[in-house]
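Here is what each chain is made of, one letter per residue.
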Amino acid sequence: MNKHVLEFKNVWKTYHMGDGLVNALSGLDLTLDEGSFTAVMGPSGSGKSTFLHVAGILDTPTMGLFRINGEETINLSMKEQARLRRNEIGFIFQRFNLLSQLTSLENVMLPMIGKDLEKVKEVLDKMGLEDKYHKRPTQLSGGELQRVAIARALVNDPSIILADEPTGELDTANANSIMQILQDLNRNNGVSIVVVTHNPASASFADEIVHMSDGKIVQKDSK
Amino acid sequence: MDLYKLSFNNIKRRKLRSSLTMLGIIIGAAMLMVLLGVTAGLTTAVKDETNSYMYDIAITPASGTGSYLMDNQTASQIRNQSNLYDFREVTLFSEDINGTELYVEGINNWKDVKLTNGTQGVVINKVAVEELGYGIGNKIEVNGQELTVTGITKEAQAPYVYVNQSIARQMADDKVSAIYASTTGDPETVADEVEKQVTGVSAVTKSEKVSEIQEMTGQALLFMGIIASIALIVGIISVINTMLISVMERTKELGVLKAIGFTNWEIKGSILFESGLLGFLGGFIGVILGVIGIVIIANLLDLAEYIPGMMPLWLILGVIVGSTLLSIIAGLYPAMRASKLNVVEALRNE
């Protein structure tokens, strides 16, 4: 039996908005196996981002069961949640979210446990950034920025990478290159990957495409 | 790269703001250093003066007698007290010179009078030069006796002429202002006995005098400390402001740090480290400027010999450690705000 990397069982997330309540997740059920590559698609307001935030332990469900690598997160302390985020999860953001004052090396090393410079260089080399170690974000192109962000997400050998519109700010060539890197990581290193995207071309790199609407999974397509 | 290096980086990155924040601390720390340092130096100077002038006991005419001079008979009575020895007397009186009071003081030890010009014998101070127009070689008539000025000193705030004690006493009709002596027993007990046995005199012990003076200088030190501390606190308040703005500006960055696994404590620690660093650097630079200020002021006040006493280690360390600790305290609220940031909202922040 495959080990589950993410498990959502009847997960609800409700927000207060004005005088009313809004359900961003409405009884979401989804299980992702270790080593899977999943794209999450859906229109704006369908709950994709909330799904990713709960999956990344950045937000807690209002109701329901959520587990990452079999560990239920709801009762974890803030410190334990931070530990899980650092050890088990690699985040990739649409706008890269690199620290502008730091070089590529420093950005990748920032969350690293054990501060191993050789490993940082190895990860950057894998991303084709061997000549960009000492460049700051302002000196890099969009594609390079996202590759530094992927290197940062990979540096602690996470079991899962959560990517929020990772190609949203890139041209087609760079978008395909980034998705190819994610696909290679999944195929060659066994890293589980979840990509939230609007772009069908980016989603096509995944093994499974999950469609969301109104906070629920409405369709699943597997290759 | 860790969060502490990142904090250092943040200070460097926002040079102008960091400098202005530190400027407040620098001014406060420098003021604290100068005011407390100079006051501490003056305290030492005053103590030295009191120590060199006083013996175990000082006997002066009692305030009720209406005179500030003791006649020879009273002085002899004091000298005959069996529990007193090692006497030193001083005569101090004033003479009206064309409507200006000129003080005449008897000197036992000319080492106490620092000459700027001329020689010992009949020494006037600068005030006498300025107010009465005297100079070396001029003649001064005091109580029918003519004195020829031999030297000039800077000391005293009023016009003074210093002569040998024997001459001063002779000019004051064989009277003295105070007799200093050592005691064979407890100075307090001896002082009481002298007051009982010799009428019209007041006897105070050195410890009473010194403690009075110490109390006064201690109060001055406290007062100066309070004023300078207010300046430092104003500087520290700007740390709260700067760190709050920094946290607001870096909302997204802090959200990213949390998202990539930094704990709330680590975030808090980095903010506190940053504010502490501002305080430390401000305090350090303030101490350097304070030391320069002390040297300038001490030279202006002609107290250069007390410069080492004006910058004691406790003051230097106290100012640096104090401004660092106060800045860390100032960083507590911004640090709490930073650690309580909602990650999702912080990541949405632009």
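Keep in mind that what you see is a predicted model, and the values were worked out from it rather than measured.

## Comments concerning the overall build of chain B
Step number 1: A tally of helices and strands in chain B yields 12 helices and 12 strands.
Step number 2: Partitioning the intrachain contacts of chain B with sequence separation of at least 6 by distance along the chain shows that 84% fall at a separation of at least 24.

## Some remarks on the overall build of chain A
Step number 1: Counting secondary structure elements, chain A contains 7 helices and 10 strands.
Step number 2: Scored against the burial criterion, the 223 residues of chain A give a buried share of 47%.
Step number 3: A fraction of 69% describes how many contacts in chain A between residues 6 or more apart in sequence connect residues 24 or more apart.

## Regarding the packing of helix α1 (residues 3-13) of chain B against helix α9 (residues 264-300) of chain B
Residues and elements named next belong to chain B.
Step number 1: Running from amino to carboxyl end, α1 crosses α9 at an angle of 45°, the nearest separation of the two axes being 9 Å. The angle between α1 and α9 falls in the class oblique. Every pair of crossing elements has a handedness; the one defined by α1 and α9 is right-handed. Contacts from Leu-3, Tyr-4, Leu-6, Ser-7, Phe-8, Asn-10 and Ile-11 in α1 reach Glu-266, Gly-269, Ser-270, Phe-273, Glu-274, Leu-277 and Leu-278 in α9.
Step number 2: For the contact of α1 with α9, the class distribution of residues is 8 nonpolar, 4 polar and 2 charged.

## Examining the pairing of strand β8 (residues 192-196) of chain A
Residue and element names in this part refer to chain A.
Step number 1: The element β8 is largely enclosed, with a buried count of 5 among its 5 residues.
Step number 2: Covered by surrounding structure in β8 are Ser-192, Val-194 and Val-196 together with Ile-193 and Val-195, the residues of both alternating faces.
Step number 3: Pairing analysis gives 4 bridges linking strand β3 (residues 37-41) to β8, with the strands arranged parallel. By the bridge assignment for β8, Ala-39 is matched with Val-195.
Step number 4: In this structure, strand β7 (residues 160-164) lies alongside β8, joined through 5 bridges in parallel fashion. Paired with Ile-160 across the strands is Ser-192, a residue of β8.
Step number 5: One crossover worth recording links β7 to the parallel β8 by way of helix α6 (residues 172-189), and it is right-handed.

## Brief notes about the interface of chain A and chain B
Step number 1: Counting from both sides, the interface comprises 19 residues of chain A and, opposite them, 13 residues of chain B.
Step number 2: Sorting elements by how many residues they give to the side of chain A that touches chain B places helix α2 (residues 78-88) of chain A first, with 5 residues.
Step number 3: Residues that form the side of chain A that touches chain B fall into these classes: 9 nonpolar, 4 polar and 6 charged.

## Quick notes on the pairing of strand β9 (residues 208-213) of chain A
Residues and elements named next belong to chain A.
Step number 1: Across 4 bridges, β3 lies against β9 in parallel orientation. The partner of Val-40 across the bridge, within β9, is Val-210.
Step number 2: Note: β9 against strand β10 (residues 216-222), 6 bridges, orientation antiparallel. Residue pairing for β10: Val-210 is matched across the bridge by Lys-220.
Step number 3: Hairpin remark: β9 followed by β10, antiparallel, with 2 residues in the connecting loop; positive phi at Asp-214, about 50°.

## Looking at the environment of Val-113 of chain B
All names here are of chain B.
Step number 1: Looking at the element boundaries, Val-113 is found in the loop between β4 (100-107) and β5 (115-118).
Step number 2: Between the alpha carbons of Val-113 and Thr-153 there is a distance of 6.9 Å; along the sequence they are 40 residues apart.
Step number 3: Dropping the residues within four chain positions of it, Val-113 is found in contact with Ile-107, Val-123, Thr-153, Glu-155 and Tyr-162.

## Brief notes about the sheet that holds β9 of chain A
Residues and elements named next belong to chain A.
Step number 1: A sheet is described by the order of its strands in space; here 6 strands give the open sequence β6-β7-β8-β3-β9-β10, paired in mixed fashion. Each edge of the open sheet carries a strand with a single partner, namely β6 (89-92) and β10. If you compare each strand with its neighbour and ignore which way they point, the axes differ by 20° on average.

## Considering the sheet that holds strand β4 (residues 63-68) of chain A
Residue and element names in this part refer to chain A.
Step number 1: Taken in spatial order, the 4 strands of this open sheet run β2-β1-β4-β5, and their pairing is antiparallel. Of all the strands in the sheet, just β2 (20-33) and β5 (71-72) have a single pairing partner and so form its edges.
Step number 2: Sheet analysis places β4 next to β5, joined by 2 bridges and oriented antiparallel. Bridge assignment links Arg-67 to a residue of β5, and that residue is Glu-72.
Step number 3: Packed on one face of the sheet, helix α1 (residues 48-55) meets β1 (4-17), β2 and β4 and runs near 60° to β2.

## Quick look at unusual backbone geometry
Residue and element names in this part refer to chain B.
Step number 1: Positive phi values are uncommon outside glycine, yet Asp-86 reaches one of about 55°.
Step number 2: For Asp-86, the location among the structural elements is in strand β2 (residues 84-90).
Step number 3: Classification of Asp-86 as exposed rests on a count of 10 C-beta atoms within 10 Å.
Step number 4: Backbone geometry places Asp-173, a non-glycine residue, at a positive phi of 55°.
Step number 5: Its location among the elements puts Asp-173 in the loop between α5 (165-171) and β11 (178-183).

## Brief notes about α6 of chain A
Residue and element names in this part refer to chain A.
Step number 1: Along its 18 residues, α6 runs 25 Å from first to last C-alpha, staying within 8% of the 26 Å computed at 1.5 Å per residue.
Step number 2: The set of residues buried in α6 consists of Ala-175, Ile-178, Met-179, Ile-181, Leu-182, Leu-185 and Asn-186. An end-on view of α6 places all buried positions within 145° of arc, on one side of the element. Facing away from the buried side of α6 by over 90 degrees, the exposed positions are Thr-172, Ala-173, Gln-180, Arg-187 and Asn-188.
Step number 3: For α6, the elements touching its buried residues are β3, α5 (142-154), β7, β8 and α7 (200-203).
Step number 4: Just downstream of α6 lies Gly-190, where phi reads positive at about 75°.

Thresholds applied
Residues numbered from 1 in each chain as written. Chains lettered and ligands numbered in written order. Predicted model: local features only at pLDDT ≥ 70, side-chain atom pairs only at ≥ 80, totals over all residues. Helix = DSSP H or I, 4+ residues; strand = E, 2+ residues; numbered from the N terminus. Contact = placed C-beta atoms within 7 Å. Buried ≥ 20, exposed ≤ 12 C-beta atoms within 10 Å, placed from the backbone. Axes fitted to C-alpha atoms, helices over the stretch in contact; angles between N-to-C directions. Parallel < 35°, antiparallel > 145°, perpendicular 65-115°, else oblique. Left-handed = near helix turned anticlockwise from the far one by under 90°. Nonpolar A, V, L, I, M, F, W, Y, C, P; charged D, E, K, R; others polar. Pairing = 2+ DSSP bridges. Right-handed = clockwise from strand over helix to strand, strands pointing away. Expected span 1.5 Å × (residues − 1). Arc of directions from axis to C-beta.

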